[in-house]
Amino acid sequence: MTDFLNALVVFANFVFVPALTYGCQLALGSLGVTMIYSVLRFSNFAQGETMAFGTAITIMMTWWLQSMGVSLGPLPTALLALPVGIFVTALILLFTDRYVYRYYRTKRSKSITFVMASLGVMFIMNGVVRLLLGPNDQNFADGERFFLSADAFRAWSGLDEALVIRTSQALTIILSLLLVGLLFWFLQRTKTGKAMRAYADNENLALLSGINPDRIVRITWIITAALATIAGVLYGLDKGYKPLSYYNLLLPIFAAVIVGGIGKPIGAVVGGFIIAFSEVIVTYAYKKVLTYVLPADMAPDGLVQLLSTEYKFAVSFVILVIVLLVKPTGIFKGKVL
Amino acid sequence: MSQRPSNAPLHDNTVRASIAFLVMAGLLILIGVSQSWALALTILNLCLISALMALGVNIQWGFAGLFNVGIMGFAALGGMATIIVSMPPVKEAWQAGGMAVLFALLSLLATISAALFVHKLLKGKRFHGLLVGLVIVAGVVLTRYLLDPGVAAIEAVNPASTGYLGGLGLPIVFAWIVGGFLAAGAAWLIGKIALGLRSDYLAIATLGISEILVAIMRNEDWLTRGVKNVTGLPRPVPYELELQQAPWFMSLVERINSGTLAGLNSTEHAMVLKSLLVDSSSIFVKLCYTGLFTLVLLIILQLCVLALDSPWGRMVRAIRDNEVAADAMGKDVTGRHLQIFILGSAVVGIAGAMLATLDGQFTPGTYSPLRFTFLIWVMVIVGGSGNNLGAVLGGFLVWLIWVEAEPVGFWLMDALTSGMGEGSGLRKHLLDSAQYMRVIIMGGVLLLVMRFSPWGLLPEQNR
């Protein structure tokens, strides 16, 4: 029985908690893509770099706060810097909308033109982010490191193995729950949220009933900026900031959006968790779990890893392909792109 | 953009194209005179390869409006072909693990066919997805079980210099064709999945496949040596050292430089001749590459021009301009799209193989989306999408800007920050980041051209 509990704790520690955290981060990033898709009707390739940009601004603000001696005690100072990051990112996104996307919107260009323009924006942001902080890792996490430390867990449970929850992981999960709840409340209950859904559902009908399209578009960009920056900062606190890793998030994010059903906020959240859990489950080495569960003479020699971590985006890709082949509308019957 | 409005101006590009290419030649000559001829030829060779890649992308985007964000992956496949075709086979590695790899390959093929069989058999019945999934998981486990020991054995064979299976030991020029076929195969797979759905899916799917292809090349050491790189690929042209000792080449250099050599005593004569030989052998080698690449480029360009003028080309453009109408006329839209996607990717694959040949090495770590996907896109858009000659011009011009932007960017930053003093941390940071300026500039160029001159330097010609 103890062996089984130990195995369960190892599994929770190395698979469940990391996947849950990663799923939250993906869900927030995917929500941004899906919002842009439903209101502006294109896949925003610049989402990954937007996350990196918001994070870079937040990091610079964090450093400034740290140099001033400001801190949040056990919580990371980055939380205090977050509003500034969101504000600057929102300004930049509104700027790109005004000078890049609006022209194609008034011309009613094909969606592929928007995608291409977003690719241009993505590369400009890519350069700007590296101009700001360089291409290397930056560490900006401070405060209490653990929410639940190994010693505390062992003392409580009396097991050999420990479940460790870092502050960044706890923060990710709590903050994501709050944000997703808030977003759904906004979309379902407020007048602006209803107007957004109406505009996404039928543009002409929405215009006819006096909804101001410019305002809807602006609010969408601001929400996207907030979601992207928070997702980026949480990802950075959890795994360390590195500009390239944000570019690599693009594929899992798109996969999550399409799996859930493009244009469906609930789909983006569910899709994010599906992608995150599959990725972590497939790339985790189960040697330690199996040594506890199996009898001693059957213990595995190898790592018992289905796929090495270098191929983790192959998981998102395979899921994406399966969805495209089997059910292109995704789980929640979104639009077919 | 690809779809032109009906009130677009009529274009006749003959004069424009001639002027543009003359200016390009002038720029290259300027580099040759002011910097060095070897540099000018290096740039020219890369221009030719870039032009070929742009031509491939233009087939997809300009002819058919297909958006491929995975050019990097197709170019890397071409590069991998050079290893498979031209490197000598490593016999010890084949003995150690060749059979295991072959069996693993068979098991993989068996898995795919079994999965397809079960899929057909159970279509619409209960547990369909579950059973297909089980077959695939079992197949993957079996394949890994067969493959892993073989891979370990292969990678253990003299890891510092080989540690991989090697290739077939054939002349490297065959790799250009094989690279085309490999890229075409990958394109077929992606096209089958993503074409027929709407356009964004193809972009996302190609983004994914290109990342995966490059990840495979980086990590599967038994196939490509991974990040240890394969260097010393055989060449289709002579080596500099052999040339310097070849009598015909010596006399050629002597004859060309007879003016410089005349009136020198014998020791001076030998010294000057030696340095001349070193310089001219490197230029000669580069010229050989230029000749080969120009030949390939001209052949493919001519084929593209003919294709676009043929009934097939008209059908393709009709599909691009109005899919619904073309469909109503009985044209097989998805089929044509698949065809075009494969053809364009094959051209990119050929160019990728040529690039690895020129470099003389295959380095999976250097494939970045910036250099291999984005830059090619800028070439096509700047040059003029839908116009083959435009794509070639874009390839030449944008590559030249890309190469020269770094020194210019550095110089600019240096001049702008010179007032800050030597020790300034900000100045150092800005100088270090000058390389990112060119990314920003290129992104800006793309957006500006898309907005203000959507048909590029050489617009598509109305027929």
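Look up: the structure comes first, before these words.
What this report covers is the structure whose coordinates are included nearby. As the structure is a computational prediction, the values presented were derived from the model and not from experiment.

Thresholds, definitions, all that
Residues numbered from 1 in each chain as written. Chains lettered and ligands numbered in written order. Predicted model: local features only at pLDDT ≥ 70, side-chain atom pairs only at ≥ 80, totals over all residues. Heavy atoms only, no water. Helix = DSSP H or I, 4+ residues; strand = E, 2+ residues; numbered from the N terminus. Rg over C-alpha atoms; globule rule 2.2 N^0.38 Å. Buried < 20%, exposed > 50% of the residue type's maximum accessible area, 1.4 Å probe, protein only. Contact = heavy atoms within 4.5 Å. Areas by Shrake-Rupley, 256 points an atom, 1.4 Å probe, with all protein chains shown as cover. Phe/Tyr/Trp six-rings, centres within 6.5 Å; stacked < 30°, edge-to-face > 60°. Lys NZ or Arg CZ within 6 Å of the ring centre and 35° of its normal. Buried area = accessible area lost by both parts, 1.4 Å probe. Salt bridge = Lys/Arg side-chain N within 4 Å of Asp/Glu carboxyl O. Polar contact = N/O pair within 3.5 Å; in protein donor to acceptor, adjacent residues only side chain to side chain. Core = buried A, V, L, I, M, F, W, Y, C linked by side-chain atoms within 4.5 Å. Axes fitted to C-alpha atoms, helices over the stretch in contact; angles between N-to-C directions. Parallel < 35°, antiparallel > 145°, perpendicular 65-115°, else oblique. Left-handed = near helix turned anticlockwise from the far one by under 90°. Expected span 1.5 Å × (residues − 1). Bend = angle between axes of the 7 residues up to and from the residue.

### Considering the overall build of chain A
Within chain A one finds 14 helices and two strands. On C-alpha atoms alone, chain A measures out to a radius of gyration of 21 Å, which is about the 20 Å that the 2.2 N^0.38 rule sets for 337 residues. If you line up chain A on its principal axes, its C-alpha atoms span 70 × 55 × 40 Å. Classification of the 337 residues of chain A by burial places 55% in the buried group.

### Regarding the overall build of chain B
Within chain B one finds 19 helices and two strands. The principal-axis extents of the C-alpha atoms in chain B amount to approximately 90 × 65 × 55 Å. With 463 residues in all, chain B has 50% of them scored as buried. Of the contacts formed within chain B by residues at least 6 apart in sequence, a portion of 83% connects residues at least 24 apart. Carbon and sulfur atoms form 70% of the exposed surface of chain B, whose accessible area is close to 21300 Å².

### Let's talk about the packing of aromatic side chains
Counted by the stated rule, this structure contains 26 aromatic pairs over all chains. Arranged with centres 5.3 Å apart and planes meeting at 20°, the rings of A:Phe42 and A:Phe114 form a pair that is stacked. Highlighted residues: A:Phe42 in the loop between α1 (2-40) and α2 (47-67) and A:Phe114 in helix α4 (residues 111-133), separated in sequence by 72 residues. Taken as a pair, A:Phe42 and A:Phe114 share a single burial class, namely buried. With centroids separated by 5.4 Å and ring planes inclined at 15°, the aromatic side chains of A:Tyr101 and A:Trp221 adopt a geometry described as stacked. Linking A:Tyr101 in helix α3 (residues 78-107) with A:Trp221 in helix α9 (residues 213-239), this pair joins segments that are 120 residues apart in sequence. No difference in accessibility class separates A:Tyr101 from A:Trp221, as the two residues are buried. Each residue in the set A:Phe42, A:Tyr101, A:Tyr103, A:Tyr104, A:Phe114 and A:Trp221 is aromatic and connected to the rest through ring pairs, giving one cluster. The ring centre of B:Trp402 lies 4.0 Å from the NZ or CZ of B:Arg438, which sits over that ring.

### Some words on the interface of chain A and chain B
Many authors give the size of an interface as the accessible area that is lost as the parts come together. Between chain A and chain B, the contact holds 48 residues from the first and 43 residues from the second. Here chain A and chain B share an interface that buries about 4300 Å² over both sides, 74% of which is from carbon and sulfur atoms. The tally of links from chain A across to chain B stands at zero salt bridges. There are six residue pairs in polar contact (both at pLDDT 80 or more) connecting chain A and chain B. Elements that contribute at least two residues to the side of chain A that touches chain B include exactly α3, α4, α10 (243-248), α11 (250-260) and α14 (312-326) of chain A.

### Observations regarding the side chain of B:Arg320
Position of B:Arg320 among the secondary structure elements: in helix α13 (residues 311-321). Of note is the side chain of B:Arg320, whose polar atom sits 3.1 Å from the side chain of B:Asp321.

### Observations concerning the nonpolar core
Counting 222 residues, the largest nonpolar core has A:Phe45, A:Met196, B:Leu52, B:Leu55 and B:Phe67 as the members making the most contacts within it. Sort the elements by how many residues they give to this core and helix α2 (residues 37-64) of chain B lands first, with 18 residues. Excluding residues within four positions of it along the chain, A:Phe45 makes contact with A:Val115, A:Ser118, A:Leu119, A:Met122, A:Leu250, A:Phe254, B:Val69, B:Ala203, B:Ile204 and B:Leu207.

### Thoughts on the packing of helix α6 (residues 167-189) of chain A against helix α12 (residues 265-283) of chain A
Residues and elements named next belong to chain A. Packing of α6 against α12 brings their axes to within 11 Å, and their N-to-C directions diverge by 160°. Between α6 and α12, the crossing angle belongs to the class labelled roughly antiparallel. Between α6 and α12 the crossing geometry is left-handed. Across from Val 180, Phe 184 and Leu 187 in α6, the residues of α12 making contact are Pro 265, Ile 266 and Val 269.

### Some details on helix α16 (residues 369-383) of chain B
Residues and elements named next belong to chain B. Over its 15 residues, α16 runs 20 Å from end to end, which matches the ideal 21 Å to within 8%, given 1.5 Å per residue. By the largest-angle criterion, Leu 375 marks the main kink of α16, which is about 25°. Among the 15 residues that make up α16, 14 are buried, leaving the element largely enclosed by the rest of the structure. Backbone geometry just downstream of α16 places Gly 384 in the positive-phi region, at approximately 125°.

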